[in-house]
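Architecture at a glance
One letter stands for each residue in the lines below.
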Amino acid sequence: MLFLAVLLPGVGVFAGGDFAITSFSPGGVIRWADGLTNGICTLSHAASPGGPWVPELNAFTTGATGAIAATLPITNHAYFRLLLRDVPANDGGFTNLTLAYGILETLAGRGLVGTDGVNNWTNTFEGGRATNAELSRPHNAMGDDAGNYYIVDKDSQSVLKVTPDGNIHTAAGSHTLGNNGDGPAPATNLHMSSPNGLWVRGDGTFYILDKDNGKIRKVDTNGVMTTMFTVSGGNISQGRGLWVSADESLVYFCAGTRVRKWTLTGGVTNVATGFLELGNLAVASDGSLYVTDRVGNLVYLVADDGSADKTIIAGTGGTSGGGDGSAALDTAFYGVRGIWFLPTGGYLLATHEGSKVWYVDAADTVHLFVDGVHNAHTGDGAWFHSAGQKISEPRAVTMDSRGNILITDNDTGYLRRIRFLPVAP
């Protein structure tokens, strides 16, 4: 068997530098040098140098050196190719970003019932196809390193788990509204009340903002739930966004008009106040804290230094205007909820009322990433950025460890995914 890694001239979008493969291990790990700090590397394979080349894997590049693991065939020989795309803060960079993503698909939900406050879950959904299950106002979704996806499903009082085989399971909550203890106990034995925030680790540990019970819950890899802390008063009014540090010593969460935090030493305190009604939050790679104000139609950088300072970074406060090619501060993000940072320096915003996902590059220029309109649900199996309105009222946008983008879509309840893989070689 013969396996070769090659760089063919003229096949990449990146035009400069001396990007080169430096090694190819017997196990299929390909290493490179002189790469990009804000790029995307695509691994493709073929039976001969002339192709056809089949894209196999994408990876963000955040340094000059890096590695990617190829899947080696059991028999015969193969060639492997690396293409490096630059993602600078301009129109060309946005084009390269969209070309690195491919198919839009529905992972969960069937969208038949969209009534607020109604629990649509039935026992017949348990263990069945996730696309045959009815979701109940899902508010966020995240993935672990094993390819499982977790959905905080507010009105079914649960967190649901979609496994790599496409089936759905209850991961936390009993589907019964209530408050029957703090654990430790099997997560599916404890009741919750309008869970509305979610944070997931790579190993499958996840955390829940149990809104009306005023609790932040933890579910470990054995499926055991405990309560990390309870907010005084037993309610997190309009609680949504949630983030937990790796050592569990710091928790950020949204509570209506306030960004709050919990620490091991200080308990629950306010970070910043005076918002209209918060949507979600994100912590960038440098530790900076960002929140969306869904009623104020604004995105803020929030200082966690005791100053309670908040700086608007995106939005006009209005409901229309700006958009593609405009500055983030000159664009209206109507009902902005979701926010997620990409390794390339930009970030995604999901607008609930506007029914769109936007990309804001590192120069604060706005680009339409996924188009949508109220009650749209189209585009499955097609390139995500093709013409057409595909999504409706997204509540959150996140990214899994593989780079796939997850959109918690529509009041009627869907989880959508955009594959981090080119739609064509």
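Read on for an overview of the structure.

What counts and how
Residues numbered from 1 in each chain as written. Predicted model: local features only at pLDDT ≥ 70, side-chain atom pairs only at ≥ 80, totals over all residues. Heavy atoms only, no water. Salt bridge = Lys/Arg side-chain N within 4 Å of Asp/Glu carboxyl O. Helix = DSSP H or I, 4+ residues; strand = E, 2+ residues; numbered from the N terminus. Buried < 20%, exposed > 50% of the residue type's maximum accessible area, 1.4 Å probe, protein only. Core = buried A, V, L, I, M, F, W, Y, C linked by side-chain atoms within 4.5 Å. Contact = heavy atoms within 4.5 Å. Polar contact = N/O pair within 3.5 Å; in protein donor to acceptor, adjacent residues only side chain to side chain. Pairing = 2+ DSSP bridges. 1 Å grid on protein atoms, 1.4 Å probe; cavity = no way out; pocket = protein on both sides within 12 Å on 5 of 7 lines; lining within 4 Å. Points joined across faces, edges and corners; volume = space filled by probe spheres on them. Nonpolar A, V, L, I, M, F, W, Y, C, P; charged D, E, K, R; others polar.

**Quick look at the pattern of salt bridges**
Within the structure shown, the criterion is met by 17 salt bridges. Where Asp 116 meets Lys 154, a salt bridge forms, and the shortest distance between an N and an O atom there is 3.7 Å. Of the two residues, Asp 116 is situated in the loop between β8 (104–108) and β9 (138–143) and Lys 154 in the loop between β10 (149–153) and β11 (158–162); the sequence distance between them amounts to 38 residues. Across the salt bridge formed by Lys 356 and Asp 371, the nearest N and O atoms sit 3.2 Å from each other.

**Digging into unusual backbone geometry**
In this structure, the amide linkage connecting Gly 51 to the following residue, Pro 52, adopts the cis form with an omega of 5°. With respect to the helices and strands, Pro 52 occurs in the loop between β4 (39–46) and β5 (54–61). Residue Pro 184 follows Gly 183 across a cis peptide bond; omega there is 5°. Relative to the helices and strands, Pro 184 is located in the loop between β12 (168–172) and β13 (185–186). Within the chain, Asp 34 stands out as a residue other than glycine whose phi angle is a positive 60°. Turning to its location among the elements, Asp 34 is positioned in the loop between β3 (29–33) and β4. Even without glycine at this site, Glu 393 takes up a positive phi of about 50°. Along the polypeptide, Glu 393 turns up in the loop between β29 (366–370) and β30 (396–399). For Glu 393, a relative accessible area of 9% puts it in the buried group.

**Comments concerning the nonpolar core**
Within the largest apolar cluster, 69 residues are counted, with the highest numbers of intra-cluster contacts made by Tyr 101, Phe 206 and Phe 369. In terms of residue count, the dominant contributor to this core is strand β19 (residues 250–255) (six residues). Setting aside residues no more than four positions away along its own chain, Phe 206 makes contact with Tyr 150, Val 159, Ala 171, Ala 172, Leu 198, Trp 199, Val 200, Arg 217, Lys 218 and Val 219.

**Description of helix α1 (residues 91–99)**
Restricting attention to buried positions, one finds in α1 the residues Gly 93, Phe 94, Asn 96, Leu 97 and Thr 98. Tucked inside the fold, the buried residues of α1 contact β4, β7 (78–86), β28 (356–360) and β29. The backbone nitrogen of Gly 92 has a side-chain oxygen 3.1 Å away, supplied by the residue at the start of α1, namely Asn 90.

**Comments concerning the side chain of Thr 292**
By the element assignment, Thr 292 lies in strand β23 (residues 289–293). Its relative accessible area of 0% is what places Thr 292 among the buried residues. A distance of 2.8 Å separates a polar side-chain atom of Thr 292 from the backbone nitrogen of Asn 280. Ignoring any residue separated from it by four or fewer positions in sequence, one finds Thr 292 in contact with Glu 277, Leu 278, Gly 279, Asn 280, Leu 298, Val 299, Val 336, Arg 337, Gly 338 and Ile 339.

**As for the sheet that holds β13**
Here five strands make up an open sheet; going across it, the order is β13-β17-β16-β15-β14 and the pairing antiparallel. Each having just a single partner strand, β13 and β14 (195–200) make up the two edges of the open sheet.

**Some points on empty space enclosed by the protein**
Under the defined criterion, the tally for this structure stands at two cavities of 30 Å³ or more. Taken together, His 139, Asn 196, Arg 240, Gly 241, Gly 279, Asn 280, Arg 337 and Arg 395 make up the full set of residues lining the largest cavity. Sorting the residues of the lining of the largest cavity by element identifies β18 (239–244) and β22 (278–283) as the ones contributing at least two each.

**Observations regarding the environment of Leu 160**
Structurally, Leu 160 is set in strand β11. For Leu 160 and Asn 96, which are 64 residues apart along the polypeptide, the C-alpha to C-alpha distance reads 34 Å. Contacts of Leu 160, omitting those with residues within four sequence positions, involve Trp 121, Leu 135, Tyr 149, Tyr 150, Ile 151, Asp 153, Ile 168, His 169, Thr 170, Ala 171 and His 175.

**Notes on the environment of Ser 194**
Topologically, Ser 194 is positioned in the loop between β13 and β14. The class of Ser 194 is buried, set by a relative accessible area of 10%. Each C-alpha atom, one on Ser 194 and one on Leu 209, is 8.8 Å from the other, the two residues being 15 residues apart in sequence. With residues near it in sequence (within four places) discarded, Ser 194 still touches Lys 154, Gln 157, Leu 209, Lys 211 and Asp 212.

**What about the layout of surface pockets?**
The space that makes up the largest pocket amounts to roughly 510 Å³. In terms of lining, the largest pocket is formed by 32 residues, of which the most central are Val 283, Ala 284, Trp 340, Phe 341 and Leu 342. Listing elements by their share of the lining of the largest pocket, those giving two or more residues are β5, β9, β14, β18, β22, β26 (336–341) and β30. Along the lines of polarity and charge, the residues of the lining of the largest pocket split into 20 nonpolar, 10 polar and two charged.

Remember that the coordinates give geometry; whether it matters functionally is a separate question.
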